[in-house]
Amino acid sequence: MAAVLETLTVPRASGFPAASLAPIRSSSVCALSGSRKPVKFPDIRGLKIHSSYTRGSLGSSGLNSILARRGARIVCEAQEISVEAAVPPITDTTWQSLVLESDFPVLIEFWAPWCGPCRMIHPVIDELAKQYIGKLKCYKVNTDECPSIATRYGIRSIPTVMIFKNGEKKDTVIGAVPKSTLTTSIEKFL
């Protein structure tokens, strides 16, 4: 996943109550757009305050005074979104046993972490995996981590959903499609 993380220095603040923080202006973003507009960030739980001192070496009042005097770095640590909630990943080593030798029809989603439409279809695939439990196996292939599988099956666009039965590719659906489209495709092979 490609992401831009910025560091913000907060000078002379004795505490960081949420209500006292004003909207943040980002000079690098404004410089690119050619105008000075405030940038509103969504509420994120991943903000942490880092200083060059540890709590073990200073008491809590000592840390607050250092933060007040020298400022602190607020760092946004990106939180990973689990795409494996209901659908496990497939790799080159597990492809043969889990897909080609499966006794059930298998739905495979080819995706990548940087793909927006892939993120849109993840919940749909998760719902289908729960809906067809015991009738259909669902897996995901990260095309960045397993490019050989994607190349073998001619994946040129993601997300691509393929259905396999008895080790053979039976159907392909390309793009972020509605659940009904995937359900129609699945029902043909159950």
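Details of the structure are given in the entry above.
Quantities reported herein were computed from a predicted structural model and do not represent experimental measurements.

How each quantity is defined
Residues numbered from 1 in each chain as written. Predicted model: local features only at pLDDT ≥ 70, side-chain atom pairs only at ≥ 80, totals over all residues. Heavy atoms only, no water. Core = buried A, V, L, I, M, F, W, Y, C linked by side-chain atoms within 4.5 Å. Buried < 20%, exposed > 50% of the residue type's maximum accessible area, 1.4 Å probe, protein only. Helix = DSSP H or I, 4+ residues; strand = E, 2+ residues; numbered from the N terminus. Contact = heavy atoms within 4.5 Å. Axes fitted to C-alpha atoms, helices over the stretch in contact; angles between N-to-C directions. Parallel < 35°, antiparallel > 145°, perpendicular 65-115°, else oblique. Left-handed = near helix turned anticlockwise from the far one by under 90°. Nonpolar A, V, L, I, M, F, W, Y, C, P; charged D, E, K, R; others polar. Salt bridge = Lys/Arg side-chain N within 4 Å of Asp/Glu carboxyl O.

1. Section: the nonpolar core
Line of reasoning, step 1. Core analysis: the largest hydrophobic core is formed by 17 residues, its most contacted members being Leu 107, Ile 125, Val 161, Leu 182 and Ile 186.
Line of reasoning, step 2. Elements with a minimum of two residues in this core: helix 4 (116-131), strand 6 (160-165) and helix 6 (179-187).
Line of reasoning, step 3. At 5 residues, helix 4 tops the list of elements feeding residues into this core.
Line of reasoning, step 4. Those residues in contact with Ile 125 that sit more than four places away from it in its chain are Val 87, Leu 107, Glu 109, Lys 140, Val 161 and Leu 182.
Line of reasoning, step 5. If you look at the next biggest cluster of nonpolar residues, it comprises 15 residues, including Ile 90, Phe 110, Tyr 139 and Val 141.

2. Focus: the packing of helix 4 against helix 6
Line of reasoning, step 1. Put simply, helix 4 and helix 6 touch, their axes get as near as 10 Å, and they point 40 degrees apart. The angle between helix 4 and helix 6 falls in the class oblique. By crossing handedness, the relation of helix 4 to helix 6 is classed as right-handed. On helix 6, the residues that touch Ile 121, Val 124, Ile 125, Glu 127, Leu 128 and Gln 131 of helix 4 are Lys 179, Leu 182, Thr 183 and Ile 186.
Line of reasoning, step 2. Here the contact of helix 4 with helix 6 is composed, by residue class, of 6 nonpolar, 2 polar and 2 charged.

3. As for the environment of Ala 112
Line of reasoning, step 1. Mapped onto the elements of the fold, Ala 112 is located in the loop between strand 4 (106-111) and helix 4.
Line of reasoning, step 2. Ala 112 gets classed as buried once you look at its relative accessible area, which sits at 0%.
Line of reasoning, step 3. Taking the C-alpha atoms as reference points, Ala 112 and Glu 145, 33 residues apart in sequence, are found 8.6 Å from one another.
Line of reasoning, step 4. Not counting residues up to four positions away in its chain, the partners in contact with Ala 112 are Cys 118, Asn 142, Thr 143, Asp 144 and Ile 158.

4. Brief notes about the pattern of salt bridges
Line of reasoning, step 1. Evaluation of the coordinates by the stated rule reveals 5 salt bridges.
Line of reasoning, step 2. Here Lys 140 makes a salt bridge to Glu 109, at a shortest N to O gap of 3.8 Å. With Lys 140 in strand 5 (residues 137-142) and Glu 109 in strand 4, the pair connects residues that are 31 residues apart, well separated along the chain. This pair shows no difference in class: Lys 140 is buried, exactly as Glu 109 is.
Line of reasoning, step 3. Across the pair Glu 127 and Lys 179 runs a salt bridge, and its minimum N-O distance is 3.1 Å. With Glu 127 in helix 4 and Lys 179 in helix 6, this residue pair connects regions lying 52 residues apart in the sequence.
Line of reasoning, step 4. Using a relative accessible area of 40% as the deciding quantity, one classes Glu 127 as partly exposed.

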